[in-house]
Amino acid sequence: KLNAFRPKVADQARPSPTHRARVRALRRAWGRVPRDAGPMGQSCSGENQTHDGTAAASVDELLKGVSFDVSEVGDWSGTYQPEFVNGMLLAVWPQVEGFSKIILKQTIEPAIRKALGTLGDAFHIDMDGYSLGDVPVKFGQMIITPGTQITDDEDLKVMKVRANVEWHGNIKMYVGLNGIKCGVTKVHISGEMLMELVGTCPKPPMFQGARACFLNPPHLKLDYDVGAMNRILKLAPIATVMQKVLMEQVSKKLVIPNRMGFRLDRACEMFRILKPRPKGLFKIMFIKAEGLLGRDMSFLSKKTSDPVLIIRCGATSFESPVVYGTCDPTFDWACLLPIDLPHDQLLDIEVFDRDKFTPDEFLGRIENKVVDLIESGGKDICLELCDAKGNRGNNGKLHFRTEWRPLQMPQAVMSIEGMLSAPSAVVFVGMYFARRLPHSVDGTRYFVEIQVSHRLGLEGSDVSKPRVTPKNELIDVAPPDVDTVKERRLYEEKKAICMKYNMAKEEIAQILEVDVAKLDDADPSQLLHKEALWNYGVDFFITNLSEAVIDIKLKHTDTRRGSVVSMRIDDVTIHTWQISVADIIKAQCQADHTPIRDLEVPNSATSLHSRLQVRCLGEPRTSI
């Protein structure tokens, strides 16, 4: 057991002979502790006995007089075996299956239905026959290293754990469409995962939070029931959509910059766990390609193609405009990529021949570490495209340039004028929750639309569309510290208005969110509050900081069911806030500044809990 806590690296300084002798002695003695020993080595079934019937020492006795010098073991960073983690996963796999059912029903099935368009209403996943199988996810060797997360207030120590993750699961999942049913029998997922314990603290569990993500999109493959190949052919469009939707959902939740995380310390800032700031902005300017493969025939019987670029880095992806009728296209196109871990993230560039009526045909691919391209910034880069097997020489070349701008902390910019005059910046907008929302029918979902003016309008990103939080229903939460007098006054005012219009007691109680029996004596400061919870954050890259404005709209939408069909009601805007980026910058430069804001709806108890920050981008560099 003690071996599991010592790094397995070749260049690790080996423990001293004295330490090794102590460990051997402790192992021999530990082996005499019976299986039913209690937490301190005392037997749960009577006297401590060894296998030969003689009395065995307790763990306290074994450790008495034995001291360990941590410096003898060496640094804790290194490569560790994953057996403990894999054993834990095996133990909790039934609970993982239960959680996966919720994800399938609430997220995957609706996403597939939406992607299928008019066929979506006929699609369903049979949850009665669903099983995640008995083969859990497995981790490979775990590389543990220390790290640091820089914030405005302090530098947080981070324990980074990297490991390859594989799952070859024998699942049972049946999908159906218009009476045609087909089973998914196996799922294959593999990729490199990063797990981080963030912010050490001097109380259990010793860290403020934990998070995990894939460094790059994982490989995903589904196997179908061989005995139903004829049904699979009929469901081929469904299989394609399922594969695509599953990858999209994995990317949205678990591929960098997206992370799955949670707080271990309630006082910890949520977005420090879920949404650490990117290291910088990576710009790629595509110039041209030459010598691409010809997949089509021109009118002159000459081979040609209609090339298009697909760029992926983590969960971020862009598509270039199509250049028609050439194997030597000039792109003159650029895209922006926020980079979190330049030493670990890969840039994947694929070239396809765009076809209207048939699937696009592969022309070539380039995959490089982002850090290597950053170091080659400021000059023309020419790389050969690889074929599907990774061979170079026959698929042409791609010419492009790169530019890297690191993100600066506020301390690096000395004045308000200095920040306002910066050529570009990152605006972070985080939405925690909305409190005391107006009552609506059951099933109402609340969300926030966020837009920022003067967004960087480079091709490759649609800056006209606002970013939208998840659409969530209300949840009951215990009341925070509230102004009791104000709450009572608002409660009585609402009640008086309802009574003025001769509303029934049941309707008044529903609006005021109280029981009918407590309508006259309810204490509003002790009632459960209705909140919409998001913990959703997004970065906007902007220019012209002195004029940029953040537009935040709190909305709700609902579905009211009539006697025959469901009727979609248009989204309702509860309130709109417009906040100047210049005002945020001025506030950031104050000594007592906090980035957390409660945005209040006038003449209402409704408020939106948010976080607003601005980070300037530095000058172009060729190093991290």
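Residues numbered from 1 in each chain as written. Predicted model: local features only at pLDDT ≥ 70, side-chain atom pairs only at ≥ 80, totals over all residues. Heavy atoms only, no water.

> I'd love a proper account of the overall build of the chain, names of residues and values included.
When you go through the chain residue by residue, the secondary structure sums to 12 helices and 31 strands. Among the 624 residues that make up the chain, the fraction classed as buried is 44%. When contacts within the chain are restricted to residue pairs at least 6 apart in sequence, long-range pairs at least 24 apart make up 69% of them. Per element, the accessible surface of the chain, about 34300 Å² overall, is 54% carbon and sulfur. (Helix = DSSP H or I, 4+ residues; strand = E, 2+ residues; numbered from the N terminus. Buried < 20%, exposed > 50% of the residue type's maximum accessible area, 1.4 Å probe, protein only. Contact = heavy atoms within 4.5 Å. Areas by Shrake-Rupley, 256 points an atom, 1.4 Å probe, with all protein chains shown as cover.)

> For the sheet that holds strand E23 (residues 467-468), give the residues involved together with the corresponding values.
Taken in spatial order, the four strands line up as E23-E22-E26-E29 in an open sheet, and their pairing is antiparallel. Since the sheet does not close on itself, it has two edges, and those belong to E23 and strand E29 (572-580), each with one partner. In this fold helix H12 (residues 581-588) packs onto strand E26 (549-557) and E29, with an angle of close to 60° to the strand it touches most, E29. (Pairing = 2+ DSSP bridges. Axes fitted to C-alpha atoms, helices over the stretch in contact; angles between N-to-C directions.)

> Tell me what's going on with H12, and back it up with residues and numbers.
Those residues of H12 lying buried are Val 581, Ala 582, Ile 584, Ile 585 and Gln 588. The arc enclosing the buried residues of H12, seen along the axis, measures out at 160°, which places them on a common side. Two or three places before Ala 582, at the start of H12, stands the capping residue Ser 580, its side-chain oxygen 3.1 Å from that residue's backbone nitrogen. (Arc of directions from axis to C-beta. Polar contact = N/O pair within 3.5 Å; in protein donor to acceptor, adjacent residues only side chain to side chain.)

> Pulling in residues and values, what's your account of the pairing of strand E30 (residues 596-600)?
Two strands pair when backbone bridges link them, and E30 and strand E31 (residues 607-616) are joined in this way by five bridges, in the antiparallel orientation. Among the inter-strand pairings, Leu 599 is bridged to a residue of E31, identified as Leu 608.

> Tell me about a positive patch on the surface, and name the residues and values.
On the surface, Lys 114, Lys 252, Lys 253 and Lys 471 cluster together into a positively charged patch. Position of Lys 253 among the secondary structure elements: in helix H6 (residues 236-254). Look at Lys 253 and you get partly exposed, because its relative accessible area is 48%. (Patch = residues over 30% accessible without salt bridge, like charges linked within 9 Å, V, L, I, M, F, W, Y side chains within 5 Å. Salt bridge = Lys/Arg side-chain N within 4 Å of Asp/Glu carboxyl O. Lys, Arg positive; Asp, Glu negative; His and termini not counted. Charge placed at Lys NZ, Arg CZ, Asp CG, Glu CD.)

> Break down the nonpolar core for me, with residues and values.
Membership of the largest hydrophobic core comes to 43 residues, with the highest contact counts inside it found for Ile 112, Phe 139, Met 173, Met 195 and Met 242. Per element, the largest residue contribution to this core is eight residues, and it comes from H6. Setting aside anything within four residues of it in sequence, one finds Met 242 in contact with Ile 112, Met 173, Val 175, Val 184, Leu 222 and Tyr 224. Among the nonpolar cores identified, the runner-up in size contains 34 residues, and Ala 422, Ile 450, Ala 532 and Val 538 belong to it. (Core = buried A, V, L, I, M, F, W, Y, C linked by side-chain atoms within 4.5 Å.)

> An account of the packing of aromatic side chains is needed here, citing residue identities and associated values.
Overall, the coordinates contain six aromatic pairs when judged by the stated rule. Ring-pair connections join several aromatic residues into one group, and the members of that group are Phe 271, Phe 428 and Tyr 432. Across the ring face of Phe 428, the terminal group of Arg 277 is positioned such that the distance to the ring centre comes to 3.7 Å. When the ring centre of Phe 447 is taken as reference, the NZ or CZ atom of Lys 471 above it lies at 4.6 Å. (Phe/Tyr/Trp six-rings, centres within 6.5 Å; stacked < 30°, edge-to-face > 60°. Lys NZ or Arg CZ within 6 Å of the ring centre and 35° of its normal.)

> Go over the side chain of Gln 345, please, and point to the residues and values.
In this structure, Gln 345 sits in the loop between strand E16 (330-339) and strand E17 (346-353). Here Asp 340 takes part through its backbone nitrogen, which lies 2.9 Å from a polar atom of the side chain of Gln 345.

> How would you summarise helix H4 (residues 83-116) if you had to cite specific residues and measurements?
Every α-helix carries 3.6 residues per turn, so stepping three or four residues along brings you back to the same face. The terminal C-alpha atoms of H4 lie 41 Å apart, and with 34 residues this falls more than 12% below the ideal 50 Å at 1.5 Å per residue. At Val 92, H4 is deflected by roughly 60°, the largest bend along its length, and proline Pro 94 occurs up to four residues later in sequence. Where H4 is concerned, the buried positions are Asn 86, Leu 89, Trp 93, Glu 97, Ser 100, Leu 104, Ile 108, Glu 109, Ala 111, Ile 112 and Leu 116. (Expected span 1.5 Å × (residues − 1). Bend = angle between axes of the 7 residues up to and from the residue.)

> Go over unusual backbone geometry with me, naming the residues and quoting the values.
Put simply, Pro 204 and Pro 205 share a cis peptide bond, and its omega is 5°. The omega torsion across Ile 256 and Pro 257 is 15°, close enough to zero to call that bond cis. With respect to the helices and strands, Pro 257 occurs in the loop between H6 and strand E10 (260-263). Phi is positive for His 454, which is not a glycine, with a value near 60°. Note that His 454 resides in the loop between strand E22 (445-452) and E23. At Asn 544, a residue that is not glycine, the phi angle is positive and equals roughly 50°. Along the chain, the position of Asn 544 falls in the loop between strand E25 (529-542) and E26.

> Can you break down the environment of Asp 571 residue by residue, with the values?
By secondary structure assignment, the location of Asp 571 is in the loop between strand E28 (566-568) and E29. Once the C-alpha coordinates of Asp 571 and Arg 445 are considered, the two residues, 126 residues apart in sequence, prove to be 9.7 Å apart. A polar atom in the side chain of Asp 571 sits 3.0 Å from the side chain of Thr 557.

> For the environment of Phe 262, give the residues involved together with the corresponding values.
Here Phe 262 is to be found in strand E10. Its relative accessible area of 47% is what places Phe 262 among the partly exposed residues. Between the alpha carbons of Phe 262 and Gln 208 there is a distance of 9.1 Å; along the sequence they are 54 residues apart. Sequence-distant contacts of Phe 262, defined by excluding residues within four places in its chain, comprise Gly 209, Ala 210, Met 270 and Ile 273.

> Describe the pattern of salt bridges, with residues and values.
Applying the stated criterion to the full structure yields 22 salt bridges. Across the pair Lys 203 and Asp 265 runs a salt bridge, and its minimum N-O distance is 4.0 Å. One end of the pair, Lys 203, is in the loop between strand E7 (180-200) and strand E8 (207-214); the other, Asp 265, is in the loop between E10 and helix H7 (270-274), and 62 residues separate them in sequence. Look at Lys 203 and you get partly exposed, because its relative accessible area is 44%. The partner of Asp 539 in a salt bridge is Arg 277, with the nearest N and O atoms 3.9 Å apart. Separated by 262 residues along the polypeptide, Asp 539 in strand E25 and Arg 277 in the loop between H7 and strand E11 (280-290) bring together distant segments of the chain. Given the relative accessible area of 21%, Arg 277 is considered partly exposed. Each of the salt bridges in this network shares a partner with another, and the network as a whole consists of Lys 160, Glu 196 and Arg 211.

Note that all results are geometric; they support no functional claim without further evidence.
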